[in-house]
Amino acid sequence: MSPTRRGVRGRRCGAVLLAAVLAGGATGCGSGSGAPPAPGAPGAPGTTAGPSTSGPSTTGPTTAPGTPGATTGPSAPKDDPRPGQVLVQVTVTGGFAGVRNRLVVHRDGAWTVRSGDKPPRTGRQTPAEAAELRAALEDPAFALVPARPTGRPIADGFQYEVAYRHRVVVAGDGERPPALQRVFDALPEGGPPTGP
């Protein structure tokens, strides 16, 4: 074979090989004209022409709506009431009878009062009442209420400990800044539990 024919044949083989690579397959460039195509190339035995027969893509979440972990639309707000999640706890001590009462209010409005050895009292705020209590606790002015009593204690007075999120405010009778009074007014049964 002359060098000229060999150069032309090499260029043809390179062009065919480049076309096969660009088409996504490979082909052989053997010395004979009837060389079989490489496996996986168009026309190779066991391959089919046309689009892929694989199923639909499975990327992305596949959780059906209504199942745990499923979301529809934007993520749910963080302040949605959730049963069992404590919103605020108020402990009242002192008074003539020396009470120790505890009120726990959950974010969904359910509340429980425990007084000494008595059976606990329970109830539920209306959605509007629960929203008013949350608003009073989230008021920026409530965050400025001193964490400890600043005035002189009142003899036989009550002491109130309000635990909200990671903050505890302790106050006594006669020390009620407006923001704290707003929280007290929004509590179930009209205020902190002071009865024996």
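Scroll up for the structure.
Thresholds, definitions, all that
- Residues numbered from 1 in each chain as written.
- Predicted model: local features only at pLDDT ≥ 70, side-chain atom pairs only at ≥ 80, totals over all residues.
- Heavy atoms only, no water.
- Axes fitted to C-alpha atoms, helices over the stretch in contact; angles between N-to-C directions.
- Helix = DSSP H or I, 4+ residues; strand = E, 2+ residues; numbered from the N terminus.
- Parallel < 35°, antiparallel > 145°, perpendicular 65-115°, else oblique.
- Left-handed = near helix turned anticlockwise from the far one by under 90°.
- Contact = heavy atoms within 4.5 Å.
- Nonpolar A, V, L, I, M, F, W, Y, C, P; charged D, E, K, R; others polar.
- Salt bridge = Lys/Arg side-chain N within 4 Å of Asp/Glu carboxyl O.

Relative to each other, helix α2 (residues 127–138) and helix α3 (residues 178–186) sit at 160°, their axes nearing to 9 Å. Considering the angle they form, α2 stands roughly antiparallel to α3. In the packing of α2 onto α3, the handedness of the crossing is left-handed. Facing E132, L133, A135, A136 and L137 of α2, the residues of α3 in contact are R182, V183 and A186. Of the residues belonging to the contact of α2 with α3, the class tally is 6 nonpolar, no polar and 2 charged.

Glancing now at the pattern of salt bridges. Taken as a whole, this structure holds 5 salt bridges when the rule is applied. In this structure, the salt-bridge partner of D108 is R124, at a minimum N-O distance of 3.3 Å. Here the residue D108 occupies a position in the loop between β2 (99–106) and β3 (110–115), and R124 occupies one in strand β4 (residues 121–124), the gap between them amounting to 16 residues. Salt-bridge contacts for R176 lead to D173; the nearest nitrogen and oxygen are separated by 3.7 Å. Three or more residues are tied together by salt bridges with common partners; here these are E132, D139 and R182.

These results come straight from atomic positions and should not be treated as a statement about function.
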